[in-house]
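Given next are the chains, with one letter for each unit.
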Amino acid sequence: MIHNIWHYFLYLYGLFLDSLSVCDNNNRLSTLSINKTQFPSQYLGRWYFLAAAAIPGTTALETFTVMDNAEFSVRQCREEEKLDFRAAIRIKDGPCVPRKWIYLLPEGSIELRTEGHPDRLTQLFPPRCPHCVILKETDNSYARLLLYSRTPQLEEEFMEEFKKKSSCEGYTDILTLPQQQDYCQIED
Ligand SMILES: *[C@@H]1O[C@H](CO)[C@@H](O)[C@H](O)[C@H]1NC(C)=O
């Protein structure tokens, strides 16, 4: 009996070490490598939305399940503290759906607020992937991680990086966009 308990303990300890090595600081979300003097200019321009992650059992990813692909354009508004965010979403059934919203940039902050959605907070995390960004979007009712890339096709290692980081945050429900159809035109 004691022998068995000891084995069980070693087994648990092994699991514990495994989880530590997978979820060390390299696989945690961190804002450390954001260059604040370049913020937000380094995030302007075109982005492709490739994947999202959420805590299992929540509905945070529901809105993405109809998407085939999505391209985004980020521009500085005339007012410096606002970003114009436009999307062209290809729905699996075929149609293109344009979307647009305004991000508010509180002075000196690297967190984004969404105009018209006072409870929504968007934080940016640069992963190891040099041409990617991970957004963490939280609201009253949901929390999710979103992976954007400058290129529509992402190297497998960087997709794996996103999945690993997401899992380490407890966001193990992961959705990748199928990207089977052509990209839509972003409307000005
Ligand atoms: C951040 O960006 C500024 C302006 O482009 C640059 O001069 C500086 O070297 C960058 N800092 C780091 C740590 O990359």
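Source: prediction; values computed, not measured.

Some remarks on the pattern of salt bridges
Link 1 in the chain: Under the criterion given, the structure shown has 9 salt bridges.
Link 2 in the chain: Residue Arg 46 is joined to Glu 71 by a salt bridge in which the shortest nitrogen-to-oxygen separation is 2.9 Å. Here the residue Arg 46 occupies a position in strand S1 (residues 45–54), and Glu 71 occupies one in strand S2 (residues 67–76), the gap between them amounting to 25 residues.
Link 3 in the chain: With relative accessibility at 8%, the residue Glu 71 sits in the buried group.
Link 4 in the chain: A salt bridge links Glu 161 to Lys 165; the nearest nitrogen and oxygen atoms lie 3.0 Å apart. In this pair, Glu 161 and Lys 165 are both assigned in helix H2 (residues 156–168), 4 residues apart and thus about one turn of the helix distant. Taken individually, Glu 161 and Lys 165 each receive the classification buried, so the pair is uniform in this respect.
Link 5 in the chain: A single salt-bridge network, built from bridges that share partners, covers Glu 79, Lys 82 and Glu 115.

Structural notes on H2
Link 1 in the chain: When the terminal C-alpha atoms of H2 are compared, their 18 Å separation across 13 residues agrees well with the 18 Å that a helix rising 1.5 Å per residue should span.
Link 2 in the chain: By the burial criterion, the buried members of H2 are Phe 158, Met 159, Glu 161, Phe 162, Lys 165, Ser 166 and Cys 168.
Link 3 in the chain: Looking at the residues trailing H2, positive phi occurs at Gly 170, about 90°.

So, the packing of aromatic side chains
Link 1 in the chain: According to the stated counting rule, one finds 11 aromatic pairs in the structure shown.
Link 2 in the chain: Ring geometry for Phe 85 and Tyr 103: centres 4.9 Å apart, planes at 70°, overall edge-to-face. You can see Phe 85 sitting in strand S3 (residues 82–91) and its partner Tyr 103 sitting in strand S4 (residues 96–104), a full 18 residues away along the chain. Both residues of the pair, Phe 85 and Tyr 103, count as buried.
Link 3 in the chain: An aromatic cluster of three or more residues is present, and its members are Phe 49, Phe 64, Phe 72, Phe 85, Trp 101, Tyr 103 and Tyr 148.
Link 4 in the chain: The ring of Tyr 142 carries Arg 144 above its face, with NZ or CZ at 4.0 Å from the centroid.
Link 5 in the chain: Positioned above the aromatic ring of Trp 47, the side-chain terminus of Arg 150 is 3.8 Å from the ring centre.

Calculation rules
- Residues numbered from 1 in each chain as written.
- Predicted model: local features only at pLDDT ≥ 70, side-chain atom pairs only at ≥ 80, totals over all residues.
- Heavy atoms only, no water.
- Salt bridge = Lys/Arg side-chain N within 4 Å of Asp/Glu carboxyl O.
- Helix = DSSP H or I, 4+ residues; strand = E, 2+ residues; numbered from the N terminus.
- Buried < 20%, exposed > 50% of the residue type's maximum accessible area, 1.4 Å probe, protein only.
- Expected span 1.5 Å × (residues − 1).
- Phe/Tyr/Trp six-rings, centres within 6.5 Å; stacked < 30°, edge-to-face > 60°.
- Lys NZ or Arg CZ within 6 Å of the ring centre and 35° of its normal.

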